[in-house]
Amino acid sequence: ISSKRSSSFKRAIANGQRALPRDVLLDETGLGFYKRFVRYVAYEILPCEMDRRWYFYQHRTCPPPVFMAAVTLTQIIVFLCYGARLNKWVLQTYHPEYMKSPLVYHPGHRARAWRFLTYMFMHVGLEQLGFNALLQLMIGVPLEMVHGILRISFLYLAGVLAGGGRTVPIGPCHQPQGGHRDMHPQISGGCPQMLATCSRSHPSLSASLGPGGWGGNAALTILRSYEESLQDQCGWWVLLLSYGTFLLFAVFWNIFAYDLLGAQIPPPP
């Protein structure tokens, strides 16, 4: 994940060796709709006035923020398809055909690894889907506009995978895993609350252990490093190491947990 602007150039701007317009962005007049939106994004996402002005004047529409929009659109399409197929638009998980979906996580299908990611497309009903979609579009898209598709997609999918890994059994489990379950930051499919919490790059997260704590610390590291190289930061490598350790443990636990606990695997649908 490379930087678009070196820290030395940022310091040069701060020291007055390079010039940016000194006008306060909020006083800008004659802006079109899109530039007003870019200004809104700058003030919502970036805490430093210099970074706000830099982003506003240097922002380009290419590449567009397509990742969060594509994920949200896919979730809506999947929900509509299952709603029409099941003829049920609320509490879809209670429909006997719901668990036959190849997207849902189920302990009986633990070997189908793709389910640890695809469960993020499944939702319990219109209200939950609407809430997630609203957060993803209102917060995820501005974050992607500022930090880029690589950082935001990594943060989002890491949260989804951590949520999937978190579903490995710690006891007898009969609950299906869909995007509706336990929508808490960093530990659930789609993790829109993580994007919301980190939108101003200073979330008040105190957890430091487990997938939830990893997600909070990863968001802090990634989103505070606005256009600065991550690979040069020791904390970034520590986070990657801790995340890899968690995933290895999750794989081990997913394979052996039922035998270790003497629990019976629920039969697949």
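Counting from 1, residues in each chain are numbered in the order their sequence is written. Reporting of local features is limited, given that this is a predicted model, to residues whose pLDDT is at least 70; pairs of side-chain atoms are given and counted only at 80 or more, and all residues count toward the totals for whole chains, interfaces and linings. Remark: hydrogens and water are excluded; side-chain values derive from all non-hydrogen atoms of the structure.

As recorded by an unreviewed UniProt entry, the protein chain carries the name rhomboid protease and is attributed to Chloroceryle aenea. UniProt positions are given in the numbering used here, feature names are shortened, and annotations may be inferred rather than shown by experiment. Here is the UniProt Subcellular location (unreviewed entry) comment for the protein chain, exactly as written: "Membrane".

(A) Highlighting the overall build of the protein chain. Scanning the protein chain for helices and strands turns up 10 helices and zero strands. Going along the chain from the N terminus, every DSSP run of H or I of four or more residues is numbered as a helix, and every run of E of two or more is numbered as a strand. Of the regular secondary structure in the protein chain, the N- to C-terminal order runs α-α-α-α-α-α-α-α-α-α. The cut-offs for exposure are 20% and 50% of the maximum accessible area for each residue type, with area from a 1.4 Å probe on protein chains only; residues under the lower value are buried, those over the upper are exposed, and the others partly exposed. Expressed as a percentage of its 269 residues, the buried residues of the protein chain come to 51%. Pairs of residues are marked as contacts when any of their non-hydrogen atoms sit within 4.5 Å. The contacts of the protein chain with a sequence gap of at least 6 include a subset with a gap of at least 24, amounting to 71%. Every accessible area reported is derived by Shrake-Rupley at a probe size of 1.4 Å, with residue values counting cover from the shown protein chains alone. Summed over its atoms, the accessible surface of the protein chain is roughly 13,600 Å², and 64% of this surface lies on carbon and sulfur atoms.

(B) The UniProt feature "transmembrane region" (unreviewed entry) in the protein chain, seen in detail. Per the UniProt entry, the sites bearing "transmembrane region" (unreviewed entry) are residues 66–84 and 234–256 in this numbering. The straight-line gap between the two end C-alpha atoms of residues 66–84 is 27 Å; of that span, 100% is helix and 0% is strand. The straight-line gap between the two end C-alpha atoms of residues 234–256 is 33 Å; of that span, 100% is helix and 0% is strand.

(C) Seen up close, the packing of aromatic side chains. Two aromatic rings, drawn from Phe, Tyr or Trp (for Trp, its six-membered ring), form a pair once their centres lie within 6.5 Å of each other, and the interplanar angle then sorts them: stacked below 30 degrees, edge-to-face above 60, tilted otherwise. Enumeration over the complete set of coordinates arrives at nine aromatic pairs. Taken together, a centroid distance of 5.8 Å and an interplanar angle of 80° make the contact between Phe-67 and Tyr-156 edge-to-face. Highlighted residues: Phe-67 in helix α4 (residues 66–86) and Tyr-156 in helix α7 (residues 149–166), separated in sequence by 89 residues. Judged on exposure class, the residue Phe-67 and its partner Tyr-156 are both buried. The interplanar angle of 50° and the centroid separation of 4.9 Å between the aromatic rings of Tyr-105 and Phe-116 together place this pair among those described as tilted. Of the two residues, Tyr-105 sits in the loop between α4 and α5 (115–118) while Phe-116 sits in helix α5, which places them 11 residues apart along the sequence.

(D) Representation of the pattern of salt bridges. By convention in these notes, a salt bridge is any Lys or Arg side-chain nitrogen within 4 Å of a carboxyl oxygen on Asp or Glu. Counting across every chain of the model gives two salt bridges. Salt-bridge contacts for Glu-49 lead to Arg-52; the nearest nitrogen and oxygen are separated by 3.3 Å. In this pair, Glu-49 and Arg-52 both sit in helix α3 (residues 49–58), three residues apart, roughly one turn of the helix. Glu-49 gets classed as partly exposed once you look at its relative accessible area, which sits at 29%.

(E) Molecular detail of the side chain of His-59. Mapped onto the fold, His-59 is located in the loop between α3 and α4. The buried category is assigned to His-59, whose relative accessible area is 14%. His-59 has contacts with Tyr-34, Val-38 and Met-145, leaving out every residue within four places of it along the chain.

(F) Fine view of the nonpolar core. Here, nonpolar core means buried Ala, Val, Leu, Ile, Met, Phe, Trp, Tyr and Cys residues that are tied together by side-chain atoms lying within 4.5 Å of each other. Ranked by size, the top nonpolar core spans 41 residues in total, and within it Tyr-55, Met-122 and Tyr-156 carry the most contacts. Going through the elements one at a time, α2 (33–45), α3, α4, α6 (126–147), α7, α9 (210–224) and α10 (234–261) are the ones with two or more residues in this core. Mapping this core onto the domain boundaries places at least three of its residues in each of domain 1 (32–61) and domain 2 (65–164). Residue ranges labeled as domains rest on an automatic or database domain assignment.

(G) Geometry of the packing of α4 against α6. The contact between α4 and α6 brings their axes to 8 Å, and the two run at 170°. As judged from the angle between their axes, α4 and α6 are roughly antiparallel. Between α4, through Val-66, Phe-67, Met-68, Ala-69, Val-71, Thr-72, Gln-75, Ile-76 and Phe-79, and α6, the contact on the second element is made entirely by Leu-126, Leu-129, Ala-133, Gln-136, Leu-137, Gly-140, Val-141 and Glu-144. Split into classes, the residues belonging to the contact of α4 with α6 amount to 12 nonpolar, four polar and one charged. Lines fitted to the C-alpha atoms define the axes, with helices restricted to the stretch that makes contact. Angles between their N-to-C directions range from 0 to 180 degrees. Each angle is binned into one of four classes, with values under 35 degrees roughly parallel, values over 145 roughly antiparallel, values of 65 to 115 roughly perpendicular, and all other values oblique. Residues are grouped as follows: nonpolar covers Ala, Val, Leu, Ile, Met, Phe, Trp, Tyr, Cys and Pro; charged covers Asp, Glu, Lys and Arg; every other residue, Gly included, is treated as polar.

(H) Just the environment of Ile-76, in detail. Of note, Ile-76 is situated in helix α4. In the structure, Ile-76 is positioned 57 residues away from Ala-133 in sequence and 8.1 Å away in space, judged by C-alpha atoms.

(I) Representation of a nonpolar patch on the surface within the structure. Within this analysis, patches are made of residues with over 30% relative accessible area and no salt bridge. Like charges are joined at 9 Å or less; nonpolar side chains (Val, Leu, Ile, Met, Phe, Trp, Tyr) at 5 Å or less. Judged by side-chain polarity, Phe-249, Val-251, Phe-252, Ile-255, Phe-256, Leu-260 and Leu-261 come together as a nonpolar surface patch covering roughly 680 Å² of accessible area. Its location among the elements puts Phe-249 in helix α10.

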